[in-house]
Amino acid sequence: MTAAAIGLPADAVARPSPRATRPGASTSLERVSFSFQTEKGARLAIESANLHIEAGELVCLVGPSGSGKSTILNLIAGLLAPTEGRVLENGAPIDGPGPARAMVFQDAALFPWLTLRDNVEYPLQLAGTPKGERRARSEELLRMVHLWRFAQSFPHELSGGMRQRGAIARALATDPAVLLMDEPFAALDAQTREILQGEVERIFLETRKTVVFVTHNVREAVRLADRIVLMGTRPGRILRDVIIDLPRPRAANDERVAWFAADVAGEIRSEVEKIAREEADDAWVAPGGRVRVDPRRNMGGGI
Amino acid sequence: MFASILVGTWAAASSLANSPLLPGPIAVGRTIAAALRDGTLPRALGTSLLRLLVGYAVSLGCGVLLGVSLARSPKTKSAIGPLILGLSSVPSICWLPLAILWFGLSEWAIQTVIVLGALLPIAVATEGAVRHVPPQLIRAARTMGARGPRLLFGVMIPAAFPGILSGAKLGWTFALRSLMAGELLFVSGGLGQLLETGRDIGDTALVLAIIVTIVALGRASEWLLFGRLDREVGRRWGTEAA
Ligand SMILES: Nc1ncnc2c1ncn2[C@@H]1O[C@H](COP(=O)(O)OP(=O)(O)OP(=O)(O)O)[C@@H](O)[C@H]1O
Ligand SMILES: [Mg+2]
């Protein structure tokens, strides 16, 4: 089944014309700073970041919690506008979110009231794609991520890994030029994670989209990335690049992946330790202070 | 099961009391049958139902919109949020005198009472439900290009639907209560008036017959509408239907 889906499946031949896919777009951040406006004033999340991502490059952002990885993805997605500097796609400033840049979130964020297939078709519906084409496209995508059998299932009926594959299919529906992934596999078990890493690499090789992939997992970053961008914190900033010059496709258990990973992990350890120390201090300085609660943990608790 | 125990107890109590003040289920059943035959009950039920549906539809539409704007617009929230919470502690029937002064003894007066009763719980529930829509869903929709009304009607309201539904159910019972209270005080057709007539002529069986009708109305709405919607929510969201 996998082999058939990777090669041209028999039913694809029957279709009138193979889709021309939109090629990846280059993306750059030019001296980008971003501050969140909070009740206690501006909070600098990214300080003067410069980053250029080539069209068709797979870049992993790695760094400790709070280093601004999600913020950078949101800036590229156009969900946030930089406080200073410019965010460009193919040299033109990004002006708000749009179907050319798609995002996959850690918790899949599939719409619970829609079937998997309707979820995948939702962005196409927004884009005004005619129904017949929508149906064909969702089938093609669900077959690509091996979820065609579950097209009529609701998200809660799927496993975490299946939901994540569904989210990838939905993100690819509008044939974006840039695919943004924010810790998409962080909540999955090791085996599922490795399988999905393989899928991402396969999709990347097939479609040649630009991919920006955020992860805490250095090994995952080394397995996937053409280049790893290391980020530091307080304030969030880009530390340096590591080129991962390994042939593709890469195996999960490749020794060279492990070797690179150990090296990169050493680089960020000092950053992580710095955070751990500072957070321990915070907890000590502010006893009885406000505890940051993860909103995902009490979803629906207030109803 | 529980209902049959209840009816059994009722029958036993009334045969023990053996008084015209506590007629048994059979007597009440006969009264219902008679009132159905001579058309008083269908007419009263029709009048009440029509009022209920009109008032409820208005409350539902305005309540959901109000709730959404409270949740999404900090300005609206700070301007009328406290007012809404304050007003929702006023039983809606308290508005009847004012409504009568404004609109006279008209349908407008009774509709005012229904809407004031049902709108607030719907608005408050909708506000909470929209506020608790996982931000990730909204962000996901925005990255796909959803904005404005399409974001609101295509994502926010569907995502908040389970919460809005519980508000809608609450609103329905509030609408029914307000309507009955209004009809009791303000004599012009409807089940409430029939109830008042029963009291006037000392016909306990009639009073109980109307109460049974109101209970049946509540059950029917659950069975025809809310129960189904609950099950549909359960099927999609994977939550247990209550
Ligand atoms: N909505 C917000 N309001 C205020 N500050 C925020 C908000 N979101 C993030 N921040 C702050 O911005 C900084 C960067 O956050 P960001 O979420 O980008 O980090 P991250 O690298 O993605 O972290 P993680 O690995 O934990 O996901 C952090 O200091 C965080 O506290
Ligand atoms: Mg993050």
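Bear in mind the structure is a predicted one, so any value in this text is a computation, not a measurement. (Residues numbered from 1 in each chain as written. Chains lettered and ligands numbered in written order. Predicted model: local features only at pLDDT ≥ 70, side-chain atom pairs only at ≥ 80, totals over all residues. Heavy atoms only, no water.)

Asker: Looking at this structure, how should I read the site of ligand 1?
Answerer: Residue and element names in this part refer to chain A. Around ligand 1 sit 14 residues in total, of which S65, G66, K69, S70 and T71 are the nearest. In the environment of ligand 1, an oxygen atom lies 3.2 Å from a nitrogen or oxygen atom belonging to the backbone of S67. At a separation of 2.7 Å, an oxygen atom of ligand 1 approaches a polar side-chain atom of K69. Its free accessible area being 630 Å², ligand 1 has 67% of it covered by the protein chains. Counting residues per element, the ones that place at least two in the shell around ligand 1 are β1 (27-38), β2 (41-53) and α3 (69-77). Element by element, the count of residues in the shell around ligand 1 is highest for α3, at three residues. Classifying every residue of the shell around ligand 1 by side-chain character gives three nonpolar, eight polar and three charged. (Near = heavy atom within 4 Å. Polar contact = N/O pair within 3.5 Å; in protein donor to acceptor, adjacent residues only side chain to side chain. Areas by Shrake-Rupley, 256 points an atom, 1.4 Å probe, with all protein chains shown as cover. Helix = DSSP H or I, 4+ residues; strand = E, 2+ residues; numbered from the N terminus. Nonpolar A, V, L, I, M, F, W, Y, C, P; charged D, E, K, R; others polar.)

Asker: Teacher, can you tell me more about the pairing of strand β10 (residues 237-243) of chain A here?
Answerer: Within a regular beta strand, the side chains point alternately toward one face of the sheet and then the other, so they alternate between its two faces. Residue and element names in this part refer to chain A. As paired elements, strand β9 (residues 227-232) and β10 share six bridges and run antiparallel to each other. Its bridge partner being in β10, L230 is matched across the sheet by R240. Linking β9 back to β10 in an antiparallel pair, the connection comprises four residues, with R234 at a positive phi of about 55 degrees. (Pairing = 2+ DSSP bridges.)

Asker: I keep staring at helix α6 (residues 160-172) of chain A and nothing clicks. Help me out?
Answerer: Given 3.6 residues to a turn, an α-helix orients residues that are three or four positions apart in the same direction. Between the first and last C-alpha of α6 of chain A there are 19 Å, a value that for 13 residues agrees with the 18 Å anticipated at 1.5 Å per step. By the criterion of burial, α6 of chain A is predominantly enclosed, with 11 of the 13 residues buried. The set of residues buried in α6 of chain A consists of G161, M162, Q164, R165, G166, A167, I168, A169, R170, A171 and L172 of chain A. Turning to α6 of chain A, the residues buried within the fold contact β6 (101-104), α4 (116-126), α5 (131-144), β7 (178-182) and α7 (190-207) of chain A together with α7 (135-143) of chain B. (Expected span 1.5 Å × (residues − 1). Buried < 20%, exposed > 50% of the residue type's maximum accessible area, 1.4 Å probe, protein only. Contact = heavy atoms within 4.5 Å.)

Asker: Even after reading the chapter, I still don't get the side chain of S178 of chain B, so can you show me in this structure?
Answerer: Residues and elements named next belong to chain B. By the element assignment, S178 lies in helix α8 (residues 148-185). We classify S178 as buried; its relative accessible area is 5%. Within polar-contact distance, the side chain of S178 engages the side chain of S92 at 2.7 Å. In contact with S178, not counting residues within four places along its chain, are S92, I93, V113, I114 and G117.

Asker: I would appreciate a short explanation of the packing of aromatic side chains in the present structure.
Answerer: How two aromatic rings sit relative to each other is given by the distance of their centres and the angle of their planes. All names here are of chain A. With the rule as written, the count across this model stands at nine aromatic pairs over all chains. Both rings, one in F34 and one in F36, keep their centres 4.9 Å apart while their planes meet at 85 degrees; by these two values the pair is edge-to-face. The exposure class of F34 is buried, given its relative accessible area of 8%. The class of F36 is partly exposed, set by a relative accessible area of 34%. Ring centres of F111 and W113 lie 5.0 Å apart, and the angle between their planes is 20 degrees; on these two criteria the pair is classed as stacked. Judged by relative accessible area, which is 0%, F111 ranks as buried. (Phe/Tyr/Trp six-rings, centres within 6.5 Å; stacked < 30°, edge-to-face > 60°.)

Asker: Honestly, the interface of chain B and chain A in this entry has me stumped. Any pointers?
Answerer: Every contact between the two is made by 22 residues of chain B and, on the other side, 25 residues of chain A. Carbon and sulfur atoms make up 69% of the surface buried where chain B meets chain A, a total of about 2300 Å² over both sides. Summed over the three residues of chain B that lose the most area to chain A, namely T143, M144 and R236 of chain B, the buried surface amounts to 29% of that side. Remark: the boundary between chain B and chain A carries zero salt bridges. Applying the counting rule to chain B against chain A returns five residue pairs in polar contact (both at pLDDT 80 or more). Going through the elements one at a time, α7, α8 and α10 (204-237) of chain B are the ones with two or more residues in the side of chain B that touches chain A. By residue number, the principal contributor to the side of chain B that touches chain A is α7 of chain B, which donates seven residues. (Buried area = accessible area lost by both parts, 1.4 Å probe. Salt bridge = Lys/Arg side-chain N within 4 Å of Asp/Glu carboxyl O.)

Asker: Would you explain the packing of helix α2 (residues 25-37) of chain B against helix α3 (residues 40-72) of chain B in this entry?
Answerer: For any two helices packed against each other, the geometry is given by the interaxial angle and the distance between the axes. Residue and element names in this part refer to chain B. The contact between α2 and α3 brings their axes to 4 Å, and the two run at 80 degrees. With respect to α3, the element α2 is oriented roughly perpendicular. Residues I32, A35 and L36 of α2 form the contact with α3, whose own contacting residues are T40, L41 and P42. Taken together, the residues of the contact of α2 with α3 sort by class into five nonpolar, one polar and no charged. (Axes fitted to C-alpha atoms, helices over the stretch in contact; angles between N-to-C directions. Parallel < 35°, antiparallel > 145°, perpendicular 65-115°, else oblique.)

Asker: What should I look at first to understand unusual backbone geometry in this one?
Answerer: When glycine is set aside, most residues are seen to have a negative phi, and most peptide bonds are trans. All names here are of chain A. Each neighbour pair has its own omega, and for R248 with P249 the value is -10 degrees, a cis peptide bond. Relative to the helices and strands, P249 is located in the loop between β10 and α9 (255-285). Of note in the backbone geometry, R31 takes a positive phi value of approximately 40 degrees without being a glycine. Within the element layout of this structure, R31 appears in strand β1. Unusually for a residue other than glycine, D175 sits at a positive phi of about 55 degrees. Examined against the element boundaries, D175 turns out to sit in the loop between α6 and β7. Looking at D175, the relative accessible area reads 7%, which means it is buried.

Asker: Help me out: how do you make sense of the sheet that holds β9 of chain A in this one?
Answerer: The pairing of strands in a sheet happens through backbone hydrogen bonds and is either parallel or antiparallel. All names here are of chain A. Taken together, six strands build an open sheet; the order of strands is β6-β7-β8-β3-β9-β10 and the sheet is mixed. Only two strands of the sheet have a single neighbouring strand rather than two, namely β6 and β10. Averaged over all neighbouring strand pairs, the angle between strand axes comes to 20 degrees, with direction disregarded. Bridge count for β6 against β7 is four bridges, and the pairing is parallel. Considered in β7, the bridge of V104 is made with M181.

Asker: Help me understand the sheet that holds β1 of chain A, please; the structure alone is not making it clear to me.
Answerer: Residues and elements named next belong to chain A. Sheet architecture is open: four strands sit in the order β2-β1-β4-β5, paired in antiparallel fashion. Taken across any chain shown, the strands that pair with only one partner, and hence form the sheet edges, are β2 and β5 (92-93). For β1 and strand β4 (residues 84-89), the ladder comprises five bridges, and the chain directions are antiparallel. In the sheet register, L29 faces β4, and the bridge partner there is V87.

From the geometry alone we can't say anything about function, so treat these as descriptive.
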